[in-house]
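Observations on the model geometry
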Amino acid sequence: MIKKLNEIVEIAKNKTTQRIVVAAAADEDVLLALKNAQELGIIVPVLVGDVAKIKEIAAKIGLDLANIDQYDFPDKYEASDMAVQLIR
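The present account deals with the structure reproduced in this document. Only a predicted model underlies this, so the values are computations on that prediction, with no experimental measurement involved. (Residues numbered from 1 in each chain as written. Predicted model: local features only at pLDDT ≥ 70, side-chain atom pairs only at ≥ 80, totals over all residues. Heavy atoms only, no water.)

The next point concerns the overall build of the protein chain. Helix and strand content of the protein chain: 4 helices and 3 strands. Going residue by residue from the N terminus, the α and β elements of the protein chain occur as α-β-α-β-α-β-α. Out of the 88 residues belonging to the protein chain, those deemed buried represent 28%. Across the protein chain, contacts joining residues at least 24 apart in sequence account for 63% of those joining residues at least 6 apart. Accessible surface, the protein chain as shown: approximately 6,100 Å² in total, 51% of it carbon and sulfur. Both charge centroids of the protein chain, one from 11 positive and one from 14 negative side chains, sit 8 Å from each other. (Helix = DSSP H or I, 4+ residues; strand = E, 2+ residues; numbered from the N terminus. Buried < 20%, exposed > 50% of the residue type's maximum accessible area, 1.4 Å probe, protein only. Contact = heavy atoms within 4.5 Å. Areas by Shrake-Rupley, 256 points an atom, 1.4 Å probe, with all protein chains shown as cover. Lys, Arg positive; Asp, Glu negative; His and termini not counted. Charge placed at Lys NZ, Arg CZ, Asp CG, Glu CD.)

For the rest of this paragraph, the subject is the environment of Ile43. Mapped onto the fold, Ile43 is located in strand β2 (residues 43-49). For the pair Ile43 and Lys13, spaced 30 residues apart in sequence, the C-alpha to C-alpha distance is 9.3 Å. The residues contacting Ile43, other than those within four sequence positions of it, are Thr17, Gln18, Ile20, Leu34, Ala37 and Gln38.

Dropping the structure here:
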């Protein structure tokens with residue numbers, strides 16, 4: 001039985017890296033979580049949303065966007081639709 005969050009992280013590190021698509025990704029908490037998971041080798045993020053805002057937040061938190069796919073959809077509903085299409 002898992003009792004601590006770091007146990008989940010260790011399990012994830014031993015699995016295949018997963019691609020995660022995030023709609024309306026211009027959120028500091030979300031991008032920080034993605035940054036941490038990417039640094040641990042758990043995920044490969046794909047960001048859908050207002051790319052200008054995503055870049056602004058990424059610069060603030062030190063997230064390197066160089067190897068992250070980004071799709072510019074400033075409207076959150078359009079971003080959600082695109083994210084679903086990418087997942088399919």
